[in-house]
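# Structural characterization, general
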2 protein chains.
Amino acid sequence: MSDNSLKYKIIFNDLRAKIITGYYKINQQLPLEKELGDRYCASRITVKKAMDLLVNDGLIIKRRGVGSFVKGAATLAVSAPMGSKPFGFTASHPDETVSSKLIEFSVVHPQPDTIKNLYLEETDFVYHFSRVRYLDKQPCCIEYTEIPINIIPGIRIDNLMDSVYRHIEVETHFRIQSQHQTVRACRANSLEAENLHIAMIDPIMEIEQVTYLDNGMPFEYSIIHYRHDRYEFHNVNIAS
Amino acid sequence: MSDNSLKYKIIFNDLRAKIITGYYKINQQLPLEKELGDRYCASRITVKKAMDLLVNDGLIIKRRGVGSFVKGAATLAVSAPMGSKPFGFTASHPDETVSSKLIEFSVVHPQPDTIKNLYLEETDFVYHFSRVRYLDKQPCCIEYTEIPINIIPGIRIDNLMDSVYRHIEVETHFRIQSQHQTVRACRANSLEAENLHIAMIDPIMEIEQVTYLDNGMPFEYSIIHYRHDRYEFHNVNIAS
DNA sequence: CAGTGGTCTAGACCACTCT
DNA sequence: GAGTGGTCTAGACCACTGG
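Before going into details, it helps to say that this report is about the structure given with it. Please read these numbers as outputs of a predicted model, since none were measured by experiment.

The next point concerns the protein's contact with DNA strand C. Taken together, 26 residues are adjacent to DNA strand C, and Leu32 and Arg44 of chain A together with Lys7, Ser43 and Thr46 of chain B come closest. Backbone atoms, meaning sugar and phosphate, form 69% of the atoms of DNA strand C found within 4 Å of the protein. Measuring from a base oxygen of DNA strand C, one finds a backbone N or O atom of glycine 65 of chain A at 2.9 Å. Within the side chain of lysine 49 of chain B, an N or O atom sits 3.1 Å from a phosphate oxygen of DNA strand C. Taken together, the elements giving at least two residues each to the surface near DNA strand C come down to α3 (44-56), β1 (60-63) and β2 (67-70) of chain A together with α1 (7-20) and α3 (44-56) of chain B. Looking at the surface near DNA strand C element by element, the count peaks at four residues for α3 of chain B. A class-by-class count of the residues in the surface near DNA strand C yields nine nonpolar, six polar and eleven charged.

Moving on, we come to the interface of chain B and chain A. Tallying the contact residues gives 49 residues for chain B and 49 residues for chain A. Between chain B and chain A lies a buried interface of about 4,200 Å² when both sides are counted; carbon and sulfur atoms form 53% of it. Glutamate 232 of chain B serves as the salt-bridge partner of arginine 184 of chain A, at 2.7 Å between the closest nitrogen and oxygen. Here chain B and chain A share 20 residue pairs in polar contact (both at pLDDT 80 or more) between them. The biggest single contributor to the side of chain B that touches chain A is strand β6 (residues 176-187) of chain B, with twelve residues. Residues that form the side of chain B that touches chain A fall into these classes: 21 nonpolar, 19 polar and nine charged. Pairing of strand β9 (residues 233-238) of chain A with β6 of chain B involves six bridges; the strand directions are antiparallel. Each residue of the ladder has a partner; that of asparagine 237 of chain A, found in β6 of chain B, is glutamine 179 of chain B.

This next bit is on helix α1 (residues 7-20) of chain A. Residues and elements named next belong to chain A. For α1, with 14 residues, the first-to-last C-alpha span of 20 Å sits near the 20 Å given by 1.5 Å per residue. Buried residues along α1 sit against α2 (33-40), α3, β1 and β2. The positive-phi residue at the C-terminal boundary of α1 is glycine 22, with phi of around 90 degrees.

Take the sheet that holds strand β8 (residues 218-227) of chain A next. Pairing within the open sheet is antiparallel, and its seven strands lie in the order β3(A)-β4(A)-β5(A)-β8(A)-β7(A)-β6(A)-β9(B). Two strands in the sheet have a free side with no partner beyond their single neighbour: β3 (98-108) of chain A together with β9 (233-238) of chain B. When strand polarity is set aside, the average angle formed by the axes of neighbouring strands in this sheet is 20 degrees.

This part is about the pairing of strand β2 (residues 67-70) of chain B. Residues and elements named next belong to chain B. Neither face of β2 is exposed, since Gly67 and Phe69 on one face and Ser68 and Val70 on the opposite face are all buried. For strand β1 (residues 60-63) and β2, the ladder comprises four bridges, and the chain directions are antiparallel. When the bridges of β2 are listed, lysine 62 appears paired with serine 68. Linking β1 back to β2 in an antiparallel pair, the connection comprises three residues, with glycine 65 at a positive phi of about 85 degrees.

Right, let's get into the relation of the copies chain B and chain A. Overlaying chain B with chain A gives an RMSD of 0.0 Å, the required rotation being 180 degrees about an axis along which the chain moves by 0.0 Å. The transformation just described matches what one would write down for a two-fold rotation axis. When the interface residues of chain B are mapped onto chain A, 100% of them again lie at the interface, so the same face is used by both copies.

All names here are of chain A. Counted according to the given criterion, the structure contains 26 salt bridges over all chains. Here glutamate 208 ties to arginine 184 by a salt bridge, and the two come within 2.6 Å at their closest N and O atoms. Taken together, the residues span a long stretch of sequence, with glutamate 208 in strand β7 (residues 203-213) and arginine 184 in strand β6 (residues 176-187) at a distance of 24 residues. Linked through salt bridges whose partners overlap, the residues forming this network are Glu33, Arg44, Lys48, Asp52 and Lys62.

Taken together, the neighbourhood of DNA strand D is formed by 26 residues, with Lys7, Ser43 and Thr46 of chain A together with Leu32 and Arg44 of chain B sitting nearest. Of what DNA strand D places within 4 Å of the protein, 68% of the atoms are sugar or phosphate. For DNA strand D, a phosphate oxygen lies 2.6 Å from a polar atom in the backbone of lysine 7 of chain A. Those elements that provide at least two residues to the surface near DNA strand D are α1 and α3 of chain A together with α3, β1 and β2 of chain B. The dominant element in the surface near DNA strand D, judged by the number of residues it contributes, is α3 of chain A, at four residues. By residue class, the composition of the surface near DNA strand D is nine nonpolar, six polar and eleven charged.

A word on unusual backbone geometry. Even without being glycine, cysteine 41 of chain A reaches a positive phi, approximately 55 degrees. Locating cysteine 41 of chain A in the fold gives a position in the loop between α2 and α3.

What follows covers the side chain of histidine 93 of chain A. Note that histidine 93 of chain A resides in the loop between α4 (89-92) and β3. Setting aside residues up to four positions removed in sequence, histidine 93 of chain A forms contacts with Val98 and Leu135 of chain A.

About the thresholds
Residues numbered from 1 in each chain as written. Chains lettered and ligands numbered in written order. Predicted model: local features only at pLDDT ≥ 70, side-chain atom pairs only at ≥ 80, totals over all residues. Heavy atoms only, no water. Near = heavy atom within 4 Å. Polar contact = N/O pair within 3.5 Å; in protein donor to acceptor, adjacent residues only side chain to side chain. Helix = DSSP H or I, 4+ residues; strand = E, 2+ residues; numbered from the N terminus. Nonpolar A, V, L, I, M, F, W, Y, C, P; charged D, E, K, R; others polar. Contact = heavy atoms within 4.5 Å. Buried area = accessible area lost by both parts, 1.4 Å probe. Salt bridge = Lys/Arg side-chain N within 4 Å of Asp/Glu carboxyl O. Pairing = 2+ DSSP bridges. Expected span 1.5 Å × (residues − 1). Axes fitted to C-alpha atoms, helices over the stretch in contact; angles between N-to-C directions. Buried < 20%, exposed > 50% of the residue type's maximum accessible area, 1.4 Å probe, protein only. Least-squares fit on C-alpha atoms with pLDDT ≥ 70 in both.

In structure tokens:
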């Protein structure tokens, strides 16, 4: 999966590292596509593909007739090395200690929002669970999740104390391919106030998300409520 | 600008419209890249480029050895037609009546966050203004903005009642090229509570953003506070 | 005018899925 | 084995920038 020996990924990762570490400085011009092609023994098209990915991540801009330049916000931009895009709470925090407290775990019929987003029937069954998630012992968010038992069978309590996504990728031959998210602000309820150690008037960042397997099937509907001081969402928009 | 006679944009827009209108239904297989190439008189590479853009927008998935399929969340996905990516409040709400109330407008030295994000000196001058923004007369958000006078000269009060971005694209030869955003939840202050017609305990969606011209220069630092019930943020993540 | 990146093609080969 | 999409190339032409 995600083979990093591909030329365009090698070039992307190499240029990305040189930008982030400051080898290429802000506003500095990058080598020309043709020259990078020679350097990496790649065609101009392959170099262009790698550099277009850097544009999408907000690290560089390209100006026709002029050249390519490191963007001002390069070090702040949302950019991960190719082949290591993280999905899920555990994978998103590799440098911190992730722990969980299980609030609820049952098998029930799906909620209306789950039915709608995962294309289920009222009579289907789903794993229904909620967890408080901690980073280095500090409460960070509460997740409310439903996963159909037909798609991902065999979830047990010990999976919930660890990473559910890891269980899925290990126990099935599927990979997690994509995630659609909606971000909102809302207020905490009493359960959240107690478990996240906040006041009920404190704001909450709500993420509503549907996660997809690599066969195109949506397998998870989840609402995540973050402490507002433990989460922010980064985004880059590029004109078409 | 953004020439829509390009083949890959035509193909992207056409397929996108057919997915959104339901001509291609959820989970339905799209025609093969080769067949679409014949149909649009384009090479397979050009068709692939258009379809990869659909993947990025969350409208389809591609499975090697199998084909391409309309994604479940296709109609909910974040996708705009090529050549019409909107930047700014006015352009993002073409179907509603946008109006503004000016709270403050002055020329001052930049705030520390502006200095840091736009690479200014303490001794530079910026336009400093804040506006309440209304959709169909309903208060929606407050924007707090600073723009260096050296980069975009000639902003006047009547520009602030309209779209500042439109003023920039009309009065300068620059285009707005990209925007880096950070999204958070926070609480309203008394000014916001009064102007947005909400309570001080109500949550707020905060967008902190830096906007770039097509020469790579950041020209605007802005904080936008939205009513939590008038804004949500959509996002699609694709594994690399 | 020379030189940049943008688009597009034809063709090749590979990795993968399904039967 | 047949057929899909993924990667990569060499080469062409175009649009744009700057001197």
